[in-house]
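Coordinate inspection notes
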Amino acid sequence: ARYPLNKKKEVFLNSSAERNKTLLAREEYLIKTAAKKDNSLNYQVSEAGFLYAYVKSSDAKLPLPFKGTKVRFQYEIEDLNKNMLYDKTTLGIVTYSIDQEDLLPGLREGLRMMRTGEVVVFLFPSYLCYSYQGDADKIGVNQPLRFTIERLPLN
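All of the points below concern the structure found in this document.

About the criteria used
Residues numbered from 1 in each chain as written. Predicted model: local features only at pLDDT ≥ 70, side-chain atom pairs only at ≥ 80, totals over all residues. Heavy atoms only, no water. Helix = DSSP H or I, 4+ residues; strand = E, 2+ residues; numbered from the N terminus. Buried < 20%, exposed > 50% of the residue type's maximum accessible area, 1.4 Å probe, protein only. Contact = heavy atoms within 4.5 Å. Areas by Shrake-Rupley, 256 points an atom, 1.4 Å probe, with all protein chains shown as cover. Lys, Arg positive; Asp, Glu negative; His and termini not counted. Charge placed at Lys NZ, Arg CZ, Asp CG, Glu CD. Pairing = 2+ DSSP bridges.

With that out of the way, let us pick up the overall build of the chain. A tally of helices and strands in the chain yields 3 helices and 7 strands. From first element to last, N terminus to C terminus, the chain shows the α and β order α-β-β-β-β-α-β-α-β-β. For the C-alpha atoms alone, the extent of the chain along its principal axes is close to 65 × 35 × 30 Å. Residues counted as buried form 40% of the 155 residues belonging to the chain. Nonlocal contacts in the chain, meaning residues at least 24 apart in sequence, comprise 66% of its contacts between residues at least 6 apart. Surface exposure of the chain reaches about 9,800 Å², of which carbon and sulfur atoms provide 52%. In the chain, 23 positive and 19 negative side-chain charges are present, and the distance between their average locations comes to 5 Å.

As structure tokens, then:
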């Protein structure tokens, strides 16, 4: 058997994995702490690992969107302490085809869970938002965020 000539790559991958585990644990703690502080909402854990709470829910008979469904929505972005980073007027109204266009992973996941007329607050870890890059303006590196999304009817 041949053994790897370069052990440094293995060491780098192991240390990178450990850094990511530590970062994820820190962000989970921050998100859970923010949810506890915001006791006016009843947060639930999604399958993708973020927290969400309905501010306004709609008729459960309305269908959830599926691949190719066009949706309209508006949203705002805050840090976990509810400091406004980008408001609805700055971001505007967005029209999006589910799973067929580029969009932040957190927004994609959140919109799949929303019916028309609903308003939902999401607490996303950084890997579902702007990750290790931030947005080079108001959103920092590896910053978990609070999104409030309102799904609007199509006109």
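In terms of burial, strand β3 (residues 70-78) is largely enclosed, as 8 of its 9 residues are buried. Note that β3 and strand β5 (residues 93-97) share 5 bridges and pair antiparallel. Paired with F73 across the strands is V94, a residue of β5. Bridge count for β3 against strand β7 (residues 145-152) is 7 bridges, and the pairing is antiparallel. Within the sheet, the bridge partner assigned to R72 lies in β7 and is L152. Hairpin connection of β3 to strand β4 (residues 84-86): 5 residues between the antiparallel strands, including K82 at a positive phi of 65°.

The subject of this paragraph is the environment of Q44. Examined against the element boundaries, Q44 turns out to sit in strand β1 (residues 44-45). Accessibility expressed as a relative area gives 33% for Q44, which makes it partly exposed. With 10 residues separating them in the primary sequence, Q44 and Y54 have C-alpha atoms 9.3 Å apart. Contact partners of Q44, with chain neighbours within four places excluded, come to F50, L51, Y52 and Y54.

Here the focus is unusual backbone geometry. Positive phi, normally seen in glycine, also occurs at K82, with a value near 65°. Residue position: K82 is located in the loop between β3 and β4. Phi is positive for N142, close to 50°, though the residue is something other than glycine. Its place among the elements puts N142 in the loop between β6 (119-124) and β7. On the basis of relative accessibility, which here comes to 19%, the residue N142 falls in the buried class.

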